[in-house]
Amino acid sequence: MHTIDVLVLGTAVVFIVLMAAVLGRQRYMLRVGGAVPLAIRLHGARWGYGIARFLGDELRWYRALGVGTRPSRVMRRADLVILSRRDPVPEELSALPATAVVVQCRHRDQTCTMAFSEDAFTGFTSWLEASAPKF
């Protein structure tokens, strides 16, 4: 084998192993209780796709393409407020399914847009309403 062949083969093997790790991570995270697919858009930027986990009083969002084990965003239930709910607008249909529920939220001083499936949105609102009463 020539040096270039070894480099190409090695690169292909590394790529395949990384893709298998990403897919394995996604499958594992979706099987863990309280995990749902969730797309997030911050400040009008592009949609970011990932997996959200409801863990106690936190919604932890992990990017879909990654091998890291730390969440990309953590939102505390007490700091999260739903501002509005709507269906995807025509411009979003290339990035989201037509059945998605698009929710405008405020987390602390930032606004973000989240896209859930109908079932995941029901779980999200139940999780928000399950918070301890504020005194």
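In what follows, the structure referred to is the one given above.
Peer 1: Explain the sheet that holds strand β7 (residues 110–116) to me, please; I cannot follow it from the model alone.
Peer 2: The sheet built from seven strands is open, its strands ordered β4-β3-β2-β1-β7-β6-β5 with antiparallel pairing. Sheet topology places β4 (73–76) and β5 (80–86) at the edges, where each strand pairs with a single neighbour. Neighbour-to-neighbour, the strand axes of the sheet open up by a mean angle of 35 degrees, direction not taken into account. Its contacts with the sheet put helix α2 (residues 118–129) on β1 (35–42), β2 (48–55), β3 (58–63), β4, β5, β6 (101–107) and β7, and the angle it makes with β5 is roughly 150 degrees.

Peer 1: Looking at this structure, how should I read the environment of V89?
Peer 2: Relative to the helices and strands, V89 resides in the loop between β5 and β6. Accessibility expressed as a relative area gives 31% for V89, which makes it partly exposed. With 13 residues separating them in the primary sequence, V89 and V102 have C-alpha atoms 9.2 Å apart.

Peer 1: Looking at this structure, how should I read the pattern of salt bridges?
Peer 2: Between side chains of opposite charge, pairing is possible as soon as their charged atoms come close. Under the definition given, this model contains seven salt bridges. Of the charged contacts in the structure, one is a salt bridge between R76 and E58, with a shortest N-O distance of 3.7 Å. One end of the pair, R76, is in strand β4; the other, E58, is in strand β3, with 18 residues separating them in the sequence. Its salt-bridge partner being R108, residue D79 comes within 3.3 Å of it at the nearest N-O pair.

Peer 1: Would you mind going over the side chain of R41 with me for this structure?
Peer 2: Mapped onto the elements, R41 comes out in strand β1. Those residues in contact with R41 that lie beyond four places of it in its chain are R46, W47, R86, E92, C112 and T113.

Peer 1: Please explain the packing of aromatic side chains as it appears in this structure.
Peer 2: Any aromatic ring pair is given by two values, namely how distant the centres are and how the planes are angled relative to each other. Per the counting criterion, the structure on display carries five aromatic pairs. Note on F54 and F124: the rings are 6.4 Å apart at their centroids and 35 degrees apart in plane angle, and the pair reads as tilted. Pair noted here: F54 is in strand β2 and F124 is in helix α2, with a separation of 70 residues, a long-range link. Residue classification places F124 among the buried positions, given a relative accessible area of 0%. Centroid distance F116 to F121: 6.2 Å. Interplanar angle 55 degrees. Geometry classified as tilted. Here F116 falls in the buried class, since its relative accessible area comes to 2%. Residue classification places F121 among the buried residues on the basis of a relative accessible area of 8%. Connected via pairs of aromatic rings, a cluster forms that spans F54, F116, F121, F124 and W127.

Peer 1: Sorry if this is basic, but what is going on with the pairing of β7 here?
Peer 2: When a strand is regular, its side chains alternate between the sheet's two faces. Of all seven residues that make up β7, five are buried, and the element is covered over most of its length. With four bridges joining them, β1 and β7 adopt antiparallel strand pairing. Counterpart to R41 in the pairing with β7 is T113. By the bridge criterion, seven bridges tie β6 to β7 in an arrangement that is antiparallel. Residue pairing for β7: V101 is matched across the bridge by F116. Joining the antiparallel neighbours β6 and β7 is a turn of two residues, in which R108 adopts a positive phi near 60 degrees.

Reading the values: the criteria
- Residues numbered from 1 in each chain as written.
- Predicted model: local features only at pLDDT ≥ 70, side-chain atom pairs only at ≥ 80, totals over all residues.
- Heavy atoms only, no water.
- Pairing = 2+ DSSP bridges.
- Helix = DSSP H or I, 4+ residues; strand = E, 2+ residues; numbered from the N terminus.
- Axes fitted to C-alpha atoms, helices over the stretch in contact; angles between N-to-C directions.
- Contact = heavy atoms within 4.5 Å.
- Buried < 20%, exposed > 50% of the residue type's maximum accessible area, 1.4 Å probe, protein only.
- Salt bridge = Lys/Arg side-chain N within 4 Å of Asp/Glu carboxyl O.
- Phe/Tyr/Trp six-rings, centres within 6.5 Å; stacked < 30°, edge-to-face > 60°.

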